[in-house]
Structures are given as structure tokens and as C-alpha cells.
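# Close look at the chain arrangement
Chain by chain, the residues:
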Amino acid sequence: MSSKQHPFLNFLQQSLLNRICYLSDKLYAVSAAGVTELLGKTGYRPLLILARQHYREELVWYPIVKIADVKKLVQLKTMSATSPVLVSYGPVINNQTPVSYFYPQIDLSQFKASFILPETMLLAADRPVGSVFSYQSLAGQTVFSARTPAATVSSLQGGVLKHIEQFAMAHGLNVDDQQQELNLATAIAPSLAVLVKLPWLGLRNKFAATKQGDQRPLIRVVSGALVVATLYLVSTYQWSAYLLENSQQELQQASSQANQLLTERETVQELKQRYQQLAVYIPKRNDELLLWQVLAPLYENKVVLSTFEQKGQDIRIEIQAPSATDALQILLKQPEVVNARFDSSVRRRGEQDEVSIRFSLKTGVEG
Amino acid sequence: MQQLQMYQKYLLPLAVLLLLKFVLVPLWDAKEENYQQLSSSRYNLEKTRALAGLGEQMQQRKAEMAALVAQAEAAVVSGTALTQVKLDAQSAIDNLLRDQQLNLTNSNWVDGLGEADITTVFYEFSFSGELPNYLKFLQEFSADQAFAGMSLESSRARLSHRSETEPAQIDATLSVRLPVRLETMP
């Protein structure tokens, strides 16, 4: 058990451990640190962990696949028992269902525990299939145990069984890989994860449940658990409602700001549209004299301008010049002139050429 | 009474089931629903806050656009009556022609298309005079702020040269474009 887990989980776990007792040579209380002897009034502890020396194991294979039918057979077998018989069902292997029976060999009538858990089942629950382990019981005996594919098996050291290797071989397991020596005092405290995995239905102490008045401690435990669960749910519900209300209020405020922003965005869009509308009508302020600056070199070369027409970018002029081609060359040399060309045939009259020239100005010059 | 005692052992599971059905499960569902709504609300809040974070940028953009629009509106001639605007523009151009000793021979107004509150009109006028005066006219037309809202749309001219010592004569027809923003009476 990890001590680094959340304090609430630690508290919950210790609360659970307080409901558990361990019966070995004496009766012990279980905690995360180990086991301590229980003296005086023990109170109602619903779970009793039974040490290996107090029960006998039997693994029976039923040639039945349907678990309901197996359970009926087990019920028939155990219904006449005068002391609790604990049962654990294994997975179907080769169309056979293995069932582990645990027969307590000690009088448990003085214990009111609702569930009795064989210690080897507890210790093997969290281990991988095929693992073999051993430990020293509190009474000083060595116990070998293993988790086989069918069930948890165990045996006390003695007789012909001297070593763990012999035990492993007897159950067809390889001891080299998974062998482990456990410290029982600390391993006996079950973790929450292990408790969830256990087959609780087969571990019921039917004799405790049928005793007159024995239900009262159970009622107390169940009632307590229900009260805790109800309080937990009510408090978490209230807390979630409080968080939700806060969040929705914040959202409402933020939405109000966002709506304002969206309104402003619409205003910006309207302004943009208005600007685009106006931009078309903004008068283009050009240098109206640029055309005449372009035409000035023609005058210097004795070119006479007789007419000009301008519409938008296009300009057409009619000239009289000693050489029409020279006049066109003069225009072409000017950087502001684009696409200058003759617009009519060149007519020669005496010493003068008469021609029409069309060109454009680079800027939107009007003249 | 005996029957009641007989069924007593069933009371606890029944009470647990009733509590589960009518208290714990609805509470759990309500809690889960609250957390689901909370998650959605927080997501929306995050998005809305991100949007609200653009407020300053939007204000800046709005101010920039308002300044541009004001500048554009100022660049377009405005008035409450189109006729009055026309008269003012015509008067200004006629005066400029007179100042530059150009003889106005003909003038008329042509209405263009209107869009929203803006109507475009064209002032077409013909005149004659010396070429240097026409150039001065153009120079003044470009420089004087009184003509800032107008632009030359087209021009057509015939030049005649009597002798090399005298300035050339010009007979020209110009078309001036004038967009007008009509303001409504308050």
C-alpha cells in the first residue's frame, strides 16, 4: 500500500482496514503497517481473514461449461455443511470448470464476520498467473502458495513437501521465474484494488447472516456507508451547482462584453463599406500640367500641335512637324509616355508632316 | 405482526434500493449533468474571453476607420441642395476662367448616376483664349483647394498659331467631374 496516495484515499483505506480482522494463532487487527493483536471487545468486523493453518483446500474440476449449472452443484454440495464453506470459481479450461473449496478447520461460530477470506486467496489475488510464493505464518509455519491458471493453491511445509520447488513442480509451475518470499505482516493488509477483485459471493459466511440479531451490525455498516455516500453526493452536487452558477454568471458578463464587441465590429464593417463607397468618388488630384510637360520637348523641336483630345488615360494629338517619326521618337523617350503610336497615316505637305499620334500617360494625368 | 417480522429482513435491501433509485442515482446524474454543463460553460467562457480580449484592437480599428471615413467625406463636396452646389462650382470655374482671361463660350451640366447619398454631376464648358492662360488655368485648378472636390474628366482642344511671335490660341471644351454628398436637413 502506497503511503503517497491521496489523504482521503488513505483515510478510506484505513476505515476499511478497521473493518477487517485476521485470525491466525491469535486474533489480529490489520493496518497498513502490519498486524497487531486484538484484545478486549473487537466490535463488528465484517471481514475475517483466515490463516492458512485454519483451513483445508480442495480443487474440484466439473465437466460443465455453464457457470450457473456449476453453482447449482456447488450449492448442493455445501447446503448440508454445518460450518462455513468458502468457494471460488476459476475460468473454464478444456470444457471443465475448476472450483476451489476452502473448509475452515476451526470453530468460527464466535465470529460474526459476514465474509471469510482465506489468506492465500488474498495474497495471490494481485499476482500474475504462474507466480509462486512462500511466507512464514505468524504461528511459525512455512506456507507455499501459487496462482495457477485454474485457481489459487497452497500447502503447508511438511511431510514430503520440503521445498518450494517440490510444491511448484506438483502444480506444473516453474519456480525460477516468479518465486517470491513474502513478509506476511505487511502483505496481509489488502489494497482497495485487491478487495474489488475478490469473489465475494463465494466468501459469504452464511451462518453469520442467519443468526438472530446479527443483521444489526450489518445494518449499521450499510447505513453508515449510505449516509456517507449520500453526503458525498449531496455535497458534490451542491459544489457542482455552485461552480456552474458562477461559471454561467461569468459567461453572462463575458457575453455582454463580447456582444458589445460584435456591435463594434458591425460598426467597423459599416465604416469600411462607407469608406469603400466614398473611395470611388474621391477626386484624383493629378498634376494637370504633366501632359504639357510631356509636349514641351515637341515645341523645342519645331513641332506644332494643332489639336488634342483626352479621355481618361488616353490622349490623342494632331501635329505638324518636319519629321513625324522624330516627333514620335521624342514622345517615346519620355518616361511618362506609354504605348505611343501613329493614329493616322503621315501626310507630307511641303516641308511638314501631318500626323495623329495616340499615347497614354503612366499616371492618371488629365490635361 | 408475524408477517411483518417475516419480511423484516427484506426491509434493509428494499430501503437501500429505494434510496439508490430515488436519491443517490438522481443525485449522481444531476451532479454529472452539472459537471457536463460546467465543462461546456467553461469552454464557451474561454472562447468569449478570447473574443473580448480583442476589444482594444477593435477600438483602434474603429478609430482608424472613422478617421478614414471622415477624411474621405471631407474630400467629397457636400451640401443640402444639389443646385446650390452646382451654382457654387460653376461660379468658381467661371471666375477662374475670367481671371485667366479665357472667354467662356458655352457651359452646361450633365447629371450622372447617384449611389446612396452621393450624386455625380459633370460640368462641361467651352472657352477660347491664349495657350499660356490655359496653362495658368490648369495650374490654378490643380493648386486651389476650392477645386479639390473636382477632377478633369476629359478635354478636347484645337490650337492655332498665327505667328511665331504671338502665343498660340486655344479653343477647348473641358468636362469636370463633381461628386456631391447630399446632406439631409437636420
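Here, the structure is the one placed above.
What this report covers is the structure whose coordinates are included nearby. Bear in mind the structure is a predicted one, so any value in this text is a computation, not a measurement. (Residues numbered from 1 in each chain as written. Chains lettered and ligands numbered in written order. Predicted model: local features only at pLDDT ≥ 70, side-chain atom pairs only at ≥ 80, totals over all residues. Heavy atoms only, no water.)

### Structural notes on the pattern of salt bridges
Residue and element names in this part refer to chain A. Going through the model one piece at a time under the given rule, you end up with 16 salt bridges over all chains. Between glutamate 37 and lysine 26 there is a salt bridge, with the nearest N and O atoms lying 3.8 Å from each other. One end of the pair, glutamate 37, is in strand 3 (residues 34-37); the other, lysine 26, is in the loop between strand 1 (20-23) and strand 2 (27-31), with 11 residues separating them in the sequence. The partner of arginine 349 in a salt bridge is glutamate 354, with the nearest N and O atoms 3.6 Å apart. Judged by relative accessible area, glutamate 354 falls into the buried class, the value being 13%. (Salt bridge = Lys/Arg side-chain N within 4 Å of Asp/Glu carboxyl O. Helix = DSSP H or I, 4+ residues; strand = E, 2+ residues; numbered from the N terminus. Buried < 20%, exposed > 50% of the residue type's maximum accessible area, 1.4 Å probe, protein only.)

### Overview of the interface of chain A and chain B
Between chain A and chain B, the residue contacts involve 57 residues of the former and 66 residues of the latter. Here chain A and chain B share three salt bridges between them. One salt bridge in this structure joins Glu250(A) and Arg49(B), with 2.8 Å as the shortest N-O distance. Joining chain A to chain B, the criterion identifies 12 residue pairs in polar contact (both at pLDDT 80 or more). (Contact = heavy atoms within 4.5 Å. Polar contact = N/O pair within 3.5 Å; in protein donor to acceptor, adjacent residues only side chain to side chain.)

### Thoughts on the sheet that holds strand 7 (residues 97-104) of chain A
Residue and element names in this part refer to chain A. Sheet architecture is open: three strands sit in the order 5-7-6, paired in antiparallel fashion. Sheet topology places strand 5 (55-62) and strand 6 (86-89) at the edges, where each strand pairs with a single neighbour. Between one strand axis and the next, the sheet turns by 20° as a mean value, whatever way the strands run. Relative to strand 7, strand 5 runs antiparallel, the two being bridged by eight bridges. From the neighbouring strand, glutamate 57 faces strand 7, where its bridge partner is phenylalanine 102. (Pairing = 2+ DSSP bridges. Axes fitted to C-alpha atoms, helices over the stretch in contact; angles between N-to-C directions.)

### Things to note about helix 10 (residues 290-300) of chain A
Residues of helix 10 of chain A that are buried: Leu290(A), Leu291(A), Trp292(A), Val294(A), Leu295(A) and Leu298(A). Positive phi appears at Lys302(A), one or two residues downstream of helix 10 of chain A, with a value of about 60°.

### Quick word on the pairing of strand 17 (residues 352-361) of chain A
Residues and elements named next belong to chain A. Most of strand 17 is tucked away, with eight of its 10 residues classed as buried. In this sheet, strand 17 lies alongside strand 15 (residues 337-342) in antiparallel orientation, the contact comprising four bridges. Counterpart to valine 338 in the pairing with strand 17 is serine 360. Hairpin connection between strand 16 (residues 347-349) and strand 17: a loop of two residues separates the two successive antiparallel strands, and glycine 350 in this loop has a positive phi of roughly 65°.

### Observations concerning the nonpolar core
Trp292(A), Phe308(A), Ile317(A), Phe359(A) and Tyr134(B) are the most contacted members of the largest nonpolar core, which totals 51 residues. Sort the elements by how many residues they give to this core and strand 5 (residues 169-182) of chain B lands first, with six residues. One finds Cys21(A), Leu86(A), Phe111(A) and Leu182(A) within the second-largest nonpolar core, a separate group that totals 40 residues. (Core = buried A, V, L, I, M, F, W, Y, C linked by side-chain atoms within 4.5 Å.)

### Some points on helix 4 (residues 82-99) of chain B
A turn of α-helix holds 3.6 residues, and therefore any two residues three or four places apart point the same way. All names here are of chain B. With 18 residues, helix 4 should cover 26 Å at 1.5 Å per step; its first-to-last C-alpha distance of 26 Å lies within 8% of that length. Elements in contact with the buried residues of helix 4: strand 1 (77-79), strand 2 (103-115), strand 3 (118-130), helix 5 (131-143) and strand 5. One or two steps after helix 4, the chain reaches glutamine 101, where phi turns positive at roughly 55°. (Expected span 1.5 Å × (residues − 1).)

### Digging into the environment of Leu51(B)
Tracing the backbone through its elements, the reader meets Leu51(B) in helix 2 (residues 8-52). Take Leu51(B): its relative accessible area is 30%, and that puts it in the partly exposed class. The residues contacting Leu51(B), other than those within four sequence positions of it, are Ala258(A), Leu261(A) and Leu262(A).

### Let's talk about the packing of aromatic side chains
Throughout the structure, instances matching the rule amount to 18 aromatic pairs over all chains. An angle of 85° between the planes, with centres 5.2 Å apart, marks the rings of Trp292(A) and Phe308(A) as edge-to-face. Here the residue Trp292(A) occupies a position in helix 10, and Phe308(A) occupies one in strand 13 (residues 304-311), the gap between them amounting to 16 residues. Of the two residues, Trp292(A) and Phe308(A), neither departs from the other in class, the shared state being buried. What links up through ring pairs into an aromatic cluster is the set Trp292(A), Phe308(A), Trp109(B), Tyr123(B), Phe125(B), Phe127(B), Tyr134(B), Phe137(B), Phe141(B) and Phe147(B). One cation-aromatic arrangement involves Lys71(A) over Tyr89(A); the distance from NZ or CZ to the ring centre is 5.6 Å. If you follow Lys77(A) out to its NZ or CZ, it ends over the ring of Tyr101(A), 4.2 Å from the centre. (Phe/Tyr/Trp six-rings, centres within 6.5 Å; stacked < 30°, edge-to-face > 60°. Lys NZ or Arg CZ within 6 Å of the ring centre and 35° of its normal.)

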